[in-house]
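# Summary of the model geometry
The lines below spell out each chain.
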Amino acid sequence: MSEAFIQLKGIAKSYGKNEVLKGVDMTVNQGDIYGLIGKNGSGKTTLFKVILGLSPYQAGEMSLFGAANEAQNRANRKRIGFFIGANFFGYLSGRENLDYYRRVKGIRDKSEIDRVLGIVGLDEKQAKSPAARYSLGQKQRLGIANALLGKPELLIFDEPTNGLDPQGIHDIRTLIQKINAEEGTTIIVSSHILSELEHTAHRFGIVHDGVIKREITREEMNRRNKTVRIDIADSNSDKAKAVLEQNGIEVYNIARKDSSLEEFYFELVGGEENV
Amino acid sequence: MFNFIKADILRVLKKKSYIVLSAIVLLAYAATLLIVLSKNPASVELVSGLLATGAVLLIGIPVFIGVFSDDFHSKAMQTIIGFGTSRRRLVLSRYCEYLVILAQAFAVISLVSLLLFAVTGNMAVAKPIFRDLWKEYLSTVLCVGAAMIIVYGAQNTTFGLVIFIGLAANILDLLLTGISFIPFFANHNIDVSLILPSNMLNQAMSNGKPIFYLFAALCYIVLPLVLSVKLFEKKELEF
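Residues numbered from 1 in each chain as written. Chains lettered and ligands numbered in written order. Predicted model: local features only at pLDDT ≥ 70, side-chain atom pairs only at ≥ 80, totals over all residues. Heavy atoms only, no water.

## Quick word on the overall build of chain A
Summing up its helical and strand segments, chain A has 11 helices and 9 strands in all. Expressed as a percentage of its 275 residues, the buried residues of chain A come to 44%. Looking at chain A alone, contacts between residues at least 24 apart form 67% of all its contacts between residues at least 6 apart. A total of about 14,400 Å² of accessible surface is found on chain A, and carbon and sulfur atoms cover 48% of it. (Helix = DSSP H or I, 4+ residues; strand = E, 2+ residues; numbered from the N terminus. Buried < 20%, exposed > 50% of the residue type's maximum accessible area, 1.4 Å probe, protein only. Contact = heavy atoms within 4.5 Å. Areas by Shrake-Rupley, 256 points an atom, 1.4 Å probe, with all protein chains shown as cover.)

This is the structure:
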């Protein structure tokens, strides 16, 4: 059985009388892509801040990589890379910012910067520009590059596709799957857009009103479906219906499936290979 | 901790606005000193204090912004704490960085001063310049400690900078000297302004007793750092 990298039990946090987290239980196992889903203001970012030690909590227990106390949790945070929001010095270039964090993290290998820039697709010209001039998409990429420095075992991405164009969203989604598949990195990614995580994550945590309502694997989700979808050409739908009914198979619904806007977009611009 | 200090010092030294401003201050300082030395070398004693205070303010403020304000605004601090660095270590390292960067700038000013005295053949009157320059440095070491309580306790670098300027520019000295004339203090012969860093340092230097240095260090280094860490320990850090 895989090791639990993050285990939260009954984590509660409030700002004055406003209870933001009301007893959160959450388990993230090694190798997971864990999708944290919830609407804006449901407590996703606060949960990440609690995990990273940026926000104190009032009740509950937290264990990172099996740590038994807060001192061990703090030491184990070195195994986590994260991107919650832009965290750069505008007057330094992207490369200089990464070099700053490389030194801070105690990474001796300077080629690590080229590795992470390559992964997120920032070219040398972009990397040499001051971070203050970066577009939103470039800032997201630089933030993810920073999270990847030193090959952490666990990555935390808070709404990494916020404000990105369709190509950017697709690139980040593919990147997350690639890092998980190729390097075995455990990843927690949050979003308020369900479709964004549906095909990326292995496990889901549905956070609502300060609690995780349910944790569910993708297999469990699939088992919940009791109907089967068969895709056939539009012109054959009547024939197919007749064949099924002749064989005593009840047809609940026949619907024309349109291409998604995303599929149509990529058909037109032909770009799915940019990651 | 050495990682953070080194990384941060290099970061501040790469900031173009800091480099340009430091160069301008250095040129202005050298030009003023050269004028004084060419007109009346004996008056060095009179202007050395003013030059030192000017240098500490004009270089100390950008260093303060580079070390503390930029750290807050960039949210680099959050990344470092999220990486498992204790807040105590972060506060201490930022204090050390400030001292090292300012010392570097003062070392350059000292070197330029030394060259000017040597070139103009006025080494005999050089002592007050170096004494006042490094006394101001020591005074700044104390001022920054006090300002850090606001920076980390209230997470407000702007107000922290105001406190720093108030102490380093002796603005608070005027205020506290005025308070000392209130009958209660005047009758008991209490000079409230003596609690200020620069005055404490003057007392220590004029009396030559180590106890005054220890008292100043306790009031403006140890206590502020302990307080800064304690106040910062439970603060919420935003992204």
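## Some points on the sheet that holds strand β1 (residues 4-15) of chain A
Residues and elements named next belong to chain A. What the 3 strands build is an open sheet, ordered β2-β1-β4; its pairing is antiparallel. On the outer flanks of this sheet lie β2 (18-29) and β4 (59-64), each paired with one strand and no other. Neighbour-to-neighbour, the strand axes of the sheet open up by a mean angle of 15°, direction not taken into account. Looking at chain direction, β1 and β2 are connected through 9 bridges and run antiparallel. The residue of β2 that forms the bridge with Leu8 is Met26. In this fold helix α1 (residues 44-51) packs onto β1, β2 and β4, with an angle of close to 115° to the strand it touches most, β1. (Pairing = 2+ DSSP bridges. Axes fitted to C-alpha atoms, helices over the stretch in contact; angles between N-to-C directions.)

## So, the nonpolar core
Formed by 134 residues in total, the largest nonpolar core has its most connected members in Met26 of chain A together with Tyr152 of chain B. Apart from the residues lying within four places of it in its own chain, the contact partners of Met26 of chain A are Ile6, Gln7, Leu8, Tyr34, Leu36, Leu47, Ile188, Ile212 and Glu215 of chain A. (Core = buried A, V, L, I, M, F, W, Y, C linked by side-chain atoms within 4.5 Å.)

## Digging into helix α6 (residues 127-153) of chain B
Here α6 of chain B contains 27 residues, and its C-alpha end-to-end distance of 40 Å stays within 8% of the 39 Å for a straight helix at 1.5 Å per residue. Along α6 of chain B, the sharpest kink reaches roughly 30°, centred on Ala147 of chain B. (Expected span 1.5 Å × (residues − 1). Bend = angle between axes of the 7 residues up to and from the residue.)

## Observations regarding the pattern of salt bridges
Residues and elements named next belong to chain A. If you walk through the whole model with that rule in mind, you get 25 salt bridges over all chains. Between Glu215 and Arg203 there is a salt bridge whose closest N-O contact spans 3.7 Å. Of this pair, Glu215 sits in strand β9 (residues 211-217) while Arg203 sits in strand β8 (residues 203-208); the two residues are 12 residues apart in sequence, bridging distant segments of the chain. Glu215 sits in the partly exposed class, given a relative accessible area of 25%. By relative accessible area, which is 13% here, Arg203 ends up buried. (Salt bridge = Lys/Arg side-chain N within 4 Å of Asp/Glu carboxyl O.)

## Some details on the packing of aromatic side chains
Residues and elements named next belong to chain B. Summed over all chains, the structure comprises 18 aromatic pairs over all chains. Taken together, the aromatic side chains of Phe64, Phe68, Phe72, Tyr98, Tyr152, Phe164 and Phe232 make up a single cluster linked through ring pairs. Positioned above the aromatic ring of Phe232 is the side chain of Arg87, whose terminal nitrogen or guanidinium carbon lies 5.3 Å from the ring centre. (Phe/Tyr/Trp six-rings, centres within 6.5 Å; stacked < 30°, edge-to-face > 60°. Lys NZ or Arg CZ within 6 Å of the ring centre and 35° of its normal.)

## Observations regarding the layout of surface pockets
Residue and element names in this part refer to chain A. Its boundaries defined by the atoms lining it, the largest pocket holds a volume of some 860 Å³. Residue lining of the largest pocket: 22 residues in total, with Arg229, Ile230, Asn253, Ile254 and Ala255 positioned closest to the centre. Among the residues forming the lining of the largest pocket, the class breakdown is 11 nonpolar, 3 polar and 8 charged. (1 Å grid on protein atoms, 1.4 Å probe; cavity = no way out; pocket = protein on both sides within 12 Å on 5 of 7 lines; lining within 4 Å. Points joined across faces, edges and corners; volume = space filled by probe spheres on them. Nonpolar A, V, L, I, M, F, W, Y, C, P; charged D, E, K, R; others polar.)

## Things to note about the environment of Glu183 of chain A
All names here are of chain A. Topologically, Glu183 is positioned in helix α7 (residues 166-183). Look at Glu183 and you get partly exposed, because its relative accessible area is 41%. Along the sequence, Glu183 and Glu245 sit 62 residues apart, while their C-alpha atoms lie 49 Å from each other. Look past the residues within four positions of Glu183 in its chain and what remains in contact with it is Arg115, Lys151 and Lys178.

## Description of the packing of α6 of chain B against helix α7 (residues 157-168) of chain B
All names here are of chain B. Remark: α6 packs on α7, axes separated minimally by 8 Å, with the N-to-C direction vectors making an angle of 150°. Relative to α7, α6 is oriented roughly antiparallel. α6 and α7 meet at a crossing whose hand is right-handed. Across from Glu136, Thr140, Cys143, Val144, Ala146, Ala147, Ile150 and Val151 in α6, the residues of α7 making contact are Thr157, Phe159, Gly160, Ile163, Phe164, Leu167 and Ala168. Partitioned by chemical class, the residues of the contact of α6 with α7 number 11 nonpolar, 3 polar and 1 charged. (Parallel < 35°, antiparallel > 145°, perpendicular 65-115°, else oblique. Left-handed = near helix turned anticlockwise from the far one by under 90°.)

## A short note on the environment of Val207 of chain A
Following the sequence through the fold, Val207 of chain A ends up in strand β8. Sequence spacing of Val207 of chain A and Ile51 of chain A is 156 residues, and the spatial spacing of their C-alpha atoms is 15 Å.

## Digging into the interface of chain B and chain A
At the junction of the two partners, chain B supplies 31 residues and chain A supplies 30 residues. At the boundary of chain B with chain A, total buried surface from both sides reaches about 2,600 Å², with 63% on carbon and sulfur atoms. Of all residues in chain B, Phe83, Glu236 and Phe239 of chain B bury the most surface against chain A, accounting for 27% of the area lost on that side. Where chain B touches chain A, the interface holds 3 salt bridges. The salt bridge involving Glu236 of chain B is made with Lys13 of chain A; its shortest N-O contact spans 3.1 Å. On the surface where chain B and chain A come into contact, there are 13 residue pairs in polar contact (both at pLDDT 80 or more). Going through the elements one at a time, α1 (2-13), α3 (44-74), α4 (76-82) and α5 (87-120) of chain B are the ones with two or more residues in the side of chain B that touches chain A. Ranked by residues supplied to the side of chain B that touches chain A, first place goes to α1 of chain B with 7 residues. Across the side of chain B that touches chain A, the residue classes break down as 9 nonpolar, 8 polar and 14 charged. (Buried area = accessible area lost by both parts, 1.4 Å probe. Polar contact = N/O pair within 3.5 Å; in protein donor to acceptor, adjacent residues only side chain to side chain.)

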